[in-house]
Amino acid sequence: QVQLVESGGGLVQAGGSLSVSCAASGRTFSIYGMGWFRQAPGKGREFVAAITWSDGSTSYADSVKGRFTISRDNARNTVYLQMNSLKPEDTAVYYCAVKRARLYNYDYWGQGTQVTVSS
């Protein structure tokens, strides 16, 4: 089992910045990669960004590319999402998740943290 606890988030004006983090505990040796997803009211959950634990390779959704940066601290088993140039459409609950191998689905999820961007 891997437990995930997100922190950060909150309310920010459009154009502002915010950072969220996610700390993993438990069987962290099993982590292949971590990702951030988000779910806006009335919408499905969508992929935001991901990072591979071993080499730090990253991937981003087109909607956040150039504005968001995912990073990790292996010693602290923590992944971060720095969000810049925020837009009202970035408003959502942000979830972190773990996958245990490249071809696996994400199978451990955090409880989510709210990010609200006001116009």
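The structure this text deals with has already been given above.
These notes cover the structure that comes with them. (Residues numbered from 1 in each chain as written. Predicted model: local features only at pLDDT ≥ 70, side-chain atom pairs only at ≥ 80, totals over all residues. Heavy atoms only, no water.)

**A closer look at the pattern of salt bridges**
No. 1: In this structure the tally under the stated criterion is six salt bridges.
No. 2: In this structure, the salt-bridge partner of arginine 67 is aspartate 90, at a minimum N-O distance of 2.8 Å. Of this pair, arginine 67 sits in the loop between β6 (58–60) and β7 (68–73) while aspartate 90 sits in the loop between β8 (78–83) and β9 (92–99), placing them 23 residues apart in sequence. The exposure classification of arginine 67 matches that of aspartate 90, with both residues buried. (Salt bridge = Lys/Arg side-chain N within 4 Å of Asp/Glu carboxyl O. Helix = DSSP H or I, 4+ residues; strand = E, 2+ residues; numbered from the N terminus. Buried < 20%, exposed > 50% of the residue type's maximum accessible area, 1.4 Å probe, protein only.)

**Points about unusual backbone geometry**
No. 1: Within the chain, asparagine 77 stands out as a residue other than glycine whose phi angle is a positive 50°.
No. 2: Inspection of the secondary structure puts asparagine 77 in the loop between β7 and β8.
No. 3: Here serine 85, not a glycine, exhibits a phi torsion of approximately 50°, which is positive.
No. 4: In this fold, serine 85 is placed in the loop between β8 and β9.
No. 5: A relative accessible area of 41% places serine 85 in the partly exposed class.

Everything listed here is a matter of coordinates, which is why it stays silent on function.
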